[in-house]
Structures are given as structure tokens and as C-alpha cells.
Amino acid sequence: MSELFQLRCPQCTRAITGAALALCPDCFYPLKITYDLPEVSRRLTRKVVESRNHDIWRYQELLPVAVDTPRLAGVGWTPLLRADRLGRRLGSELLYLKDDAANFPTLSFKDRVVAVAVAQAQALGYQVVGCASTGNLANAVAAHAARAGLDSWILVPHDLEPAKLLGTLVYGANLVLVDGTYDQVNRLCAEIAEVRNWGFVNVNLRPFYAEGSKTVAFEIAEQLGWRLPDNVVVPMAGGAQLTRIAKGFEELVEVGLVPPGQVRLFGAQAQGCSPIASAVLEGRSHLIPQVPNTICRSLAIGDPADGHGALATIAGSGGGADTATDEEIVAGIRQLAESEGVFGETAAGVTVAVTAKLISQGRIAPRQTTVLCVTGNGLKTVDCLQSELAMDRAVAPTMEAFENRYAALAGAA
Ligand SMILES: Cc1ncc(COP(=O)(O)O)c(C=O)c1O
Ligand SMILES: [Zn+2]
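Conventions used here
By convention here, each chain's residues receive numbers from 1 onward along its written sequence. Chain A is the first chain written and ligand 1 is the first ligand written, with later ones labelled in order. Local features in this predicted model are restricted to residues whose pLDDT is 70 or higher, and side-chain atom pairs enter the listing and the counts only when it is 80 or higher, whereas totals over whole chains, interfaces and linings include all residues. Only hydrogens and water are set aside when side-chain values are computed; all heavy atoms of the structure are taken into account. When DSSP finds two or more bridges between a pair of strands, those strands are recorded as paired. In this text, helices come from DSSP runs of H or I with a minimum length of four residues, and strands from runs of E with a minimum of two, each type numbered from the N-terminal end. The axes are straight lines fitted to the C-alpha atoms, using for helices just the contacting stretch, and the angles between their N-to-C directions are given from 0 to 180°. Residue contacts are counted whenever heavy atoms from the two residues lie within 4.5 Å of one another. Atoms are scored as donors when they are N, O or S and lie within 2.8 Å of the metal, with 3.2 Å used for Na, K and Ca; no water is included, so coordination may look incomplete. Every geometry call rests on angle ranges, with four donors termed tetrahedral when all angles are between 85 and 135 degrees, four termed square planar and six termed octahedral when opposite donors are over 155 degrees apart and all others are between 65 and 115, and everything else termed irregular. Burial classes follow relative accessibility: with a 1.4 Å probe on protein chains only, a residue under 20% of its type's maximum area counts as buried, one over 50% as exposed, and anything between as partly exposed. If an angle is under 35 degrees, it is roughly parallel; if it is over 145, roughly antiparallel; if it lies from 65 to 115, roughly perpendicular; otherwise it is oblique. Each crossing gets its handedness from the near helix: less than a right angle anticlockwise from the far helix is left-handed, clockwise is right-handed. Whether a residue is near a molecule or strand is decided by its heavy atoms; if any one of them lies within 4 Å of it, the residue is near. Polar contacts, as counted here, are pairs of nitrogen or oxygen atoms within 3.5 Å of one another; within protein the pair requires one atom able to donate a hydrogen and one able to accept it, and residues that are adjacent in sequence qualify only if both atoms are side-chain atoms. Any residue outside Ala, Val, Leu, Ile, Met, Phe, Trp, Tyr, Cys, Pro, Asp, Glu, Lys and Arg is labelled polar, Gly included; the first ten of those are nonpolar and the last four are charged. Residue ranges assigned to each domain were obtained from an automatic or database domain assignment.

Side note on the sheet that holds strand β4 (residues 80-82)
- Within the open sheet, the six strands sit side by side as β4-β5-β13-β10-β11-β12. Their pairing is mixed. Both edges of this open sheet fall to β4 and β12 (320-324), since each of them pairs with a single strand only. Between one strand axis and the next, the sheet turns by 25° as a mean value, whatever way the strands run.
- As defined by bridge partners, strand β11 (residues 264-270) adjoins β12 across five bridges and the pair is classed as parallel. Paired with Q269 across the two strands is T323, which belongs to β12.
- Packing against the sheet, helix α9 (residues 214-223) makes contact with β4, β5 (95-99) and β13 (370-374), and its axis sits at approximately 135° to β5.

Here's what the structure looks like:
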């Protein structure tokens, strides 16, 4: 092959070129990207990676984008932070945060997937890109389209957080609020993709989009000093991120960039929308779709596209899953912010709360290297904190007024 990657059907092995498709036209099996891994391992040494810019493209041989395709620089390479104070609270001695709340340009891990999908959309000649979104993807598609000079059409459930709606409109995107759940929005996008020549990043460009999530795994391993962690806790909606993080670790081993090791993948969901975690907890191999009811709107996908893949990945890795209630989500956000100075969104609250359970139940051992994926920024979901963190009334600009307030606050602390 001229490129190092191919879009292929894992069932009948048919290769697809020059088209955006998520399913095999012959057997309707979800298409996957495969790589010429022996050739990648010849070209991609640690030295080569380390000599490149600090963004997702430092692993370009393991991404499905031709070298001459325009791409957005600066995406990814977010901090991997030691989290000793949070670790002490949760009972882990080797806890890390992969902080995609600081991702460029729209402060969530979705910038990674969209960077790859929009680059491929440009390679395929699309003038219009779009998505069905629970919020963060909307922000990322709108921003990346603006930078690439493409039009964007973005469809979302009508009840998303105001910051996520404004954070889409500001880029000049066409935003359509739909009176329905994410799953209804997603089906509508699939129908639109049939009749319009648009690149929907998570519909017809899905195989490319999903590959962007692998870069989280590449960076974690490199930032740990080219080694694999023992456990990674990942918030799940459609389930793509968790499955592709596992694929990323496998590929690093296959091309010889890290020594082999077992990484256990743990999935985190809100109790009010937990089709994948419930199946894991109940030992089911099939998913039961749900109508979401949770403050964590970013994870509110009741019929996850990569749900079966996530189940298989979790089981195959020896990991697990659990859920968090809305109260636990808010407590998790505050715990993370107060102990580590990282303000994550509701999905981060889910991840922290679920990690606490996994450690307290002995499913994650204290001395193992455990990485929590903080996938989005708390400034986009402040609504859920408003009743908890009510502001005191203003004081007069005098020392007396300050001393009174000091006495009241310090006394209460
Ligand atoms: C902040 C955040 N974290 C995690 C996820 C889950 O990603 P996936 O749909 O790949 O499971 C999403 C999805 O929208 C998200 O917005
Ligand atoms: Zn096929």
C-alpha cells in the first residue's frame, strides 16, 4: 500500500478507498482502520517521535491521515499529572490524571478525534462537515471547521448546557437543536448523510474519528517514560474512546515502542445512563438501550455505537466498570478541583467517583499505576455546581465588613 493505513472490513477484508463509510457495503460490518505495522515499526522509533512537535501528529504513522493532508497543529499532548493528594483521598499511591480539560482548541478530548476526522474530510474533498453531539464534539467540530474554512452543520439534543451551545455558535457553525435524545439526533444525522454530501465526523467518518482517541494512550505511555500503566479509568458514552485507548496501547507494543504489559481498562458511566457499565456489572454480553436521565449530558448516550466493542475490551483486559449517581458526580468534580486544582466537567466527576469505588472495593490496588482520563473542562458544565457553590452577597469595601465576613467564613470552616 502507498499509505501506511487502510480502511477495511474486518469480516470480509474488503478495502475501501476514497469514500467516507462506517459500514462495509457488502456485510454491513463496522469498518476499521488497519496499519502496515511492520513498516510503521521501521519508521517510528522513540527518537523520531521525540524529535517531533508536541501534538498528536508526532505519532502520524499510526494515524489514518496522509502526510500531505492539511491538519491542525497543537492538538493533544496534554499534561499527565501526578495526583498524590487525590490519590491519598481515594487510597492510591500512584494516581495520575491525563488532563484533556486543557486540550487545544476546545478543552476536551474531542479535539483529538475531530483533528483526525476533519483532516480526512479535507482529503476526501468535503466542503461541509457535521456531527451528532452531546456537546463537546459540537464545540470541536465547529472550531476545527472554522480553522479549516469549512461549513459545519451540528445537531444536538435541545437541553444541553448553555456553555456548550454558545461554545458552538461562536465559531459560526449552523447549530440545529433537536427535540429528542442523542440517539434520535444520531439517527437523524445518519439519514442526512444518505442524501447530502457532508462528512459527519461520527457517522460516515466514524472509523477515522475513532482513531484520534488512540493518541491519549500514546501520550500516556510516552509521558510515563515509554511504559504502560496498570489501569486506565475512562468515561464512556458511545464507547469509542475506551476501545481505541486499548488499541493504542496494543499498537505501541506491536511496533516496539513500549514493552508488553497488561493494561486493565475500566469504564465509568453515570447511573442515569449506564447501558455499558450495567451490562458489565450484570455480566451480560448484550446491551439494553436506555433513555438517559442524568446531569452528565456529555455521557448521555443510551444506545452506544461502540458499546459491544467496549464490553469486549473491558472483559479482554481484565478491567471492569461502575456507575456514579448525580450527587457522586458533583462530589467527584469538587474533590478533583479541591485536591488537584483541575476543574473537570461532569464526565470527570463520574470518573473520579467510579475510581473511588474501584479502589475501595479492591478492584484497583493502591500500588498500581492508575491513570484517570479527565476528558472535558468544568467551565462548560458550571450549571450543576450552582446550587452547591452559592455565592455570598457582596460586602462593603471596608475593613470592618471584611473582618465580619472573615469571622463568619473562618468560623464556619
Ligand atoms: C467529556 C467527554 N468524555 C467522554 C466522552 C465519551 O466518549 P465516547 O463517546 O468515545 O465513549 C464524551 C463523549 O461525548 C465526552 O464529551
Ligand atoms: Zn465486509
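Structural notes on the coordination of the zinc ion (ligand 2)
- Only C9 (SG), C12 (SG), C24 (SG) and C27 (SG) from the protein coordinate the zinc ion (ligand 2), and they sit 2.2 to 2.3 Å from it.
- In this structure, the zinc ion (ligand 2) is surrounded by four donor atoms whose angles at the metal cover 99 to 125°, and the resulting shape is tetrahedral.
- Given a relative accessible area of 35%, C12 falls into the partly exposed group.
- For C27, a relative accessible area of 30% gives the class partly exposed.

Comments concerning the packing of helix α10 (residues 240-254) against helix α12 (residues 307-317)
- As a packed pair, α10 and α12 sit with axes 8 Å apart at the nearest point and diverge in direction by 45°. Judged on the interaxial angle alone, α12 and α10 are oblique. Along this stretch, α10 crosses α12, giving a crossing that reads as left-handed. In this structure, α10 uses L242, T243 and A246 to contact α12, whose residues at the interface are G309, A310, T313 and I314.

Quick word on the site of ligand 1
- Around ligand 1, the structure places 16 residues, and the nearest of them are A237, G238, G239, Q241 and T375.
- Between T375 and ligand 1, the recorded distance is 2.6 Å, taken from a side-chain N or O atom to a nitrogen atom.
- Grouping the amino acids of the shell around ligand 1 by side-chain chemistry returns seven nonpolar, seven polar and two charged.
- Residues from two domains meet in the shell around ligand 1; each of domain 2 (80-105 + 213-385) and domain 3 (110-209) gives at least three.

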